[in-house]
Amino acid sequence: METSSIILLAVSASISFALGRTIMHFRHKKKNAEAQKRAAMALRNAPPEAVSKNKSKRKRQMLQTDRSGKDRIL
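Every value quoted in this text rests on a predicted model; they were computed, and no experiment measured them.

Novice: Honestly, the overall build of the protein chain in this entry has me stumped. Any pointers?
Specialist: Within the protein chain, the regular secondary structure consists of 2 helices and 0 strands. Each of the three principal axes of the protein chain carries a C-alpha extent, and together these read 85 × 25 × 15 Å. Among the 74 residues that make up the protein chain, the fraction classed as buried is 3%. Of the roughly 7,400 Å² that the protein chain leaves accessible, carbon and sulfur atoms contribute 63%. One way to put it: in the protein chain the 17 positive side-chain charges average out to a point 10 Å from where the 5 negative ones average out.

Written out as structure tokens, the structure is:
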């Protein structure tokens, strides 16, 4: 093979590799963003926790539900 064809082969291979890695990077980035959205949605749609028999824990639960309700209004 001539030197020019070897150089052309090396350049085209490096461009192809870089392009493939860039495409895969953006696919993974999009996939992770969607997974985070699904996880956040699952947390929001989760059923409320059962009321505790422990008085202190029950107070904390009440405060937490009050705070989350205020955040949703804003």
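Novice: Help me out: how do you make sense of the side chain of Q61 in this one?
Specialist: Locating Q61 in the fold gives a position in helix α2 (residues 55-73). Given the relative accessible area of 13%, Q61 is considered buried.

Novice: Would you mind showing me how to read the environment of K53 here?
Specialist: Summarising the element assignment, K53 is placed in the loop between α1 (3-45) and α2. Distance in space between the C-alpha atoms of K53 and A10 is 70 Å, their sequence separation being 43 residues.

Novice: Is there a simple way to explain a nonpolar patch on the surface in this structure?
Specialist: Residues M1, I6 and L9 make up a contiguous nonpolar surface patch of roughly 370 Å² in combined accessible area. Tracing the backbone through its elements, the reader meets M1 in the segment before α1.

Conventions used here
- Residues numbered from 1 in each chain as written.
- Predicted model: local features only at pLDDT ≥ 70, side-chain atom pairs only at ≥ 80, totals over all residues.
- Heavy atoms only, no water.
- Helix = DSSP H or I, 4+ residues; strand = E, 2+ residues; numbered from the N terminus.
- Buried < 20%, exposed > 50% of the residue type's maximum accessible area, 1.4 Å probe, protein only.
- Areas by Shrake-Rupley, 256 points an atom, 1.4 Å probe, with all protein chains shown as cover.
- Lys, Arg positive; Asp, Glu negative; His and termini not counted.
- Charge placed at Lys NZ, Arg CZ, Asp CG, Glu CD.
- Patch = residues over 30% accessible without salt bridge, like charges linked within 9 Å, V, L, I, M, F, W, Y side chains within 5 Å.
- Salt bridge = Lys/Arg side-chain N within 4 Å of Asp/Glu carboxyl O.

By themselves, these observations are geometric and do not establish any function.
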